[in-house]
Number of protein chains: 2
Amino acid sequence: MVSAQRATIQDVAVLSGLSICTVSRALRNLPNVSEKAHRKVAEAAGKLGYKPSSAASRLAGGSTGSIAIIAPTATAWFFAQAVESAEEVFADGGHDTVLVSLRNNADVRSRVFADLAALRQRVDGVLLLNVDLDADEIDALAGSGLAVASVGMSAVPWDNVGIDDEHAAWAATSHLLELGHWDLAVLSGRELGGHSVRTSNNRLDGFSRALSEHDLTVHPDLVVNAGSSIEGGRSAMTELIAHRGLPSALFADCDEIAFGALMALREHGLGAPRDVSVIGIDDHPMSWFLGLSTVAQPVADQGAFAANLLCERLQNPEPDHPPTNHFLDTKLIERKTTRRKRRTDKNHD
Amino acid sequence: MVSAQRATIQDVAVLSGLSICTVSRALRNLPNVSEKAHRKVAEAAGKLGYKPSSAASRLAGGSTGSIAIIAPTATAWFFAQAVESAEEVFADGGHDTVLVSLRNNADVRSRVFADLAALRQRVDGVLLLNVDLDADEIDALAGSGLAVASVGMSAVPWDNVGIDDEHAAWAATSHLLELGHWDLAVLSGRELGGHSVRTSNNRLDGFSRALSEHDLTVHPDLVVNAGSSIEGGRSAMTELIAHRGLPSALFADCDEIAFGALMALREHGLGAPRDVSVIGIDDHPMSWFLGLSTVAQPVADQGAFAANLLCERLQNPEPDHPPTNHFLDTKLIERKTTRRKRRTDKNHD
DNA sequence: GGCAAAATTGTAAACGCTTACAATCGCTCG
DNA sequence: CGAGCGATTGTAAGCGTTTACAATTTTGCC
């Protein structure tokens, strides 16, 4: 079957008794190929174990056979999950996935978006994970000829899937508020190495809304940037304690930040919920163990869903049905790091 | 500078007043190009913002400009770290990185290794992360024309970097033994979806050696497979407790497994070190917080180091200096989940 | 049965690069 | 001063696809 040398479309053409051109069309399911030709080509290709050369295809203007996943970082739990699930979908669809980590670095990010033509040359599409693009970048991407889908974005001219971040944060914050806490701090992940994170901004909005519904306003001293990692949460919490003192309750942008915050508390001889109530978002596998209250979100589903959307667009590029936006459900999980504020709780002023 | 249309080598040739061929050679630093030609080409290329088309290059037999990272899974902490650090090195070296997750799945794995020619067509090299290859696969890879480097392998005909897994496990186990524990169980990650994991096998060896140095032997009932995740550790521990009862101490193949084990203990109303001493390997960011004793290893360094080795091989393929094998240091960190066995400790038989 | 239109198939020219091989250049040396 | 040689540069033939466009076959209808 499979010879030492890779079979080319030429071989398939000869074996099937058709021209290269017809073979090419049959292989890509283009119209104007007879049933019979289709069969012959399929058979010949199968017999030869033929796989098209993505290099040649790409060079001639066809598809590249690969898709880029662009993520702010690859190490955070959320991204690792989303990347893996998307990679699986891509692989099953016959696409290679090229991983582009922005490494929380503004330079890297601008370099990537500065030369979309270069990217276009190497991949057919892009899956964006929680990258906060400005209007120009959105336009550039949309007009680049690349198929695009995203996770955790909004108001973008392509398919998107995510959760309602504003709502999730609102739910988490409201939970705190309903427990009687009013001196709330946020450990936000909205800024990461010079570029902002869409979801975190939305979560911050949800946080403010919950506050204002209780006639409270968010005090700048009480929102501190924490990156999006355990370490980030730890140092942000340390900073918060040092500069501002302990709040009554804490909303962490994601569970990993919350973990870091819990660590910092422990380092100060403090704990949740005794000294502060703490809530996160994610439902990381460790959260149950730590008793962390959180808002659960389906992460792998988001990655896979968006990846599927992208694959579909790639398969039939014609039908210009408008971009869709999907929200997956989240759920408040009350565990042990949040509790009703007591009169005896320490609290300044 | 940069026109709407991408500059081709042709454009550079015209602008520099040289032939395409000379430009091509100059760009790739091949011999037999005069100093002057070099300068002219560099200048023209710079002015045009020229970037070679990887598709064309690849098709014509040149490099593809990308490197594959093959990992058993992309979600485990170790792999996410290693992938990110390697990706950074590759990106800085001008390579795209295509991520191939074996998804803990034997089928996926054999599909990948069955058609290395296909892979060769799409990437210049491969970075293997803890994939346990059999002799045939090693030969196939080594003879595929792909540049190869690996993390966590050994006895392979290409550059490798890792830690001394056998020693790390020996150190962890010896620590347990020295604390007076002799009824030891292992939560091993050596089998993952039908293919084995090199490092875990080595760690198991280290475990046995430590045991035999104390005139103990490993009992089959006491090594249970745990995959390589928190969930895996949790269910493995649950199984261990159910089928065999609590051991005196536990060596977990990695910290995540240990986390899972701690969870399972908690679910049974048990805890470490009160009811079992537990130690892992990694020094995951959460380990400090949980007081997990462990053997720390530098993960990002391993990924970056191996990636650099691979890039170097790619840059000058000629010098056939033999493959190198690098061991990075590990360090036993004694925290709170391990303690001296007491006479009052529960223990069957 | 014959003709136009529609459907199918084939021809050949890109796509942008690498690389044998040929051509040229500049020297050295007898 | 010219042959001869090595260093440099150029020519042109691929690499394996895609895709206008042309050629051919089939189909529908009168």
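Residues numbered from 1 in each chain as written. Chains lettered and ligands numbered in written order. Predicted model: local features only at pLDDT ≥ 70, side-chain atom pairs only at ≥ 80, totals over all residues.

**Considering unusual backbone geometry**
Step number 1: Here the phi dihedral of A:Asn32 falls at roughly 65°; this positive angle occurs in a residue that is not glycine.
Step number 2: Mapped onto the elements of the fold, A:Asn32 is located in the loop between α2 (20-27) and α3 (35-48).
Step number 3: Residue classification places A:Asn32 among the exposed residues on the basis of 8 C-beta atoms within 10 Å.
Step number 4: At B:Asp283, a position not held by glycine, the phi torsion is positive, near 65°.
Step number 5: Looking at where B:Asp283 falls in the secondary structure, it is placed in the loop between β11 (277-282) and α13 (287-290). (Helix = DSSP H or I, 4+ residues; strand = E, 2+ residues; numbered from the N terminus. Buried ≥ 20, exposed ≤ 12 C-beta atoms within 10 Å, placed from the backbone.)

**Topic: the protein's contact with DNA strand C**
Step number 1: Taken together, 29 residues lie near DNA strand C, and A:Ser19, B:Ile9, B:Ala56, B:Ala60 and B:Gly62 sit nearest.
Step number 2: For the surface near DNA strand C, the secondary structure elements donating two or more residues are α2 and α3 of chain A together with α1 (9-16), α2 (20-27) and α4 (54-59) of chain B.
Step number 3: Here the residues of the surface near DNA strand C are counted per class, giving 14 nonpolar, eleven polar and four charged. (Near = placed C-beta within 6 Å. Nonpolar A, V, L, I, M, F, W, Y, C, P; charged D, E, K, R; others polar.)

**A short note on the nonpolar core**
Step number 1: A:Leu127, A:Ala261, B:Leu127 and B:Ala261 are the most contacted members of the largest nonpolar core, which totals 179 residues.
Step number 2: Setting aside its immediate chain neighbours within four residues, A:Ala261 contacts A:Leu187, A:Gly233, A:Met237, A:Leu250, A:Ala252 and A:Val278. (Core = buried A, V, L, I, M, F, W, Y, C linked by C-beta atoms within 7 Å. Contact = placed C-beta atoms within 7 Å.)

**Overview of the domain arrangement of chain A**
Step number 1: Under the domain assignment used here, chain A contains domain 1 (9-52), domain 2 (66-162 + 299-328) and domain 3 (165-297).
Step number 2: On a C-alpha basis, the centres of domain 1 of chain A and domain 2 of chain A stand 32 Å from each other. (Domains from an automatic or database assignment.)

**What to know about helix α10 (residues 198-213) of chain A**
Step number 1: End to end, α10(A) covers 23 Å across 16 residues, agreeing with the expected 22 Å (1.5 Å per residue, within 8%).
Step number 2: Listing the buried residues of α10(A) in full gives A:Arg198, A:Thr199, A:Ser200, A:Asn202, A:Arg203, A:Leu204, A:Gly206, A:Phe207, A:Ala210 and A:Leu211. (Expected span 1.5 Å × (residues − 1).)

**Here we look at the pairing of strand β5 (residues 159-163) of chain A**
Residue and element names in this part refer to chain A.
Step number 1: Here β5 lies mainly inside the structure; five of its five residues are buried.
Step number 2: Alternating positions in β5 separate into two faces, Asp159, Val161 and Ile163 on one and Asn160 and Gly162 on the other, with burial throughout.
Step number 3: In the sheet, β5 pairs with strand β13 (residues 325-328) via four bridges, with the strands oriented parallel. Pairing of isoleucine 163 across the sheet is with leucine 328, part of β13. (Pairing = 2+ DSSP bridges.)

**Here we look at the interface of chain B and chain A**
Step number 1: Listed per partner, the contact involves 37 residues of chain B and 37 residues of chain A.
Step number 2: Secondary structure elements with two or more residues in the side of chain B that touches chain A: α4, α5 (77-92), β2 (96-101), α7 (116-122), α11 (230-243) and α12 (255-267) of chain B.
Step number 3: With six residues, the single largest contributor to the side of chain B that touches chain A is α5(B).
Step number 4: Here the side of chain B that touches chain A is built from residues that sort into 17 nonpolar, nine polar and eleven charged.

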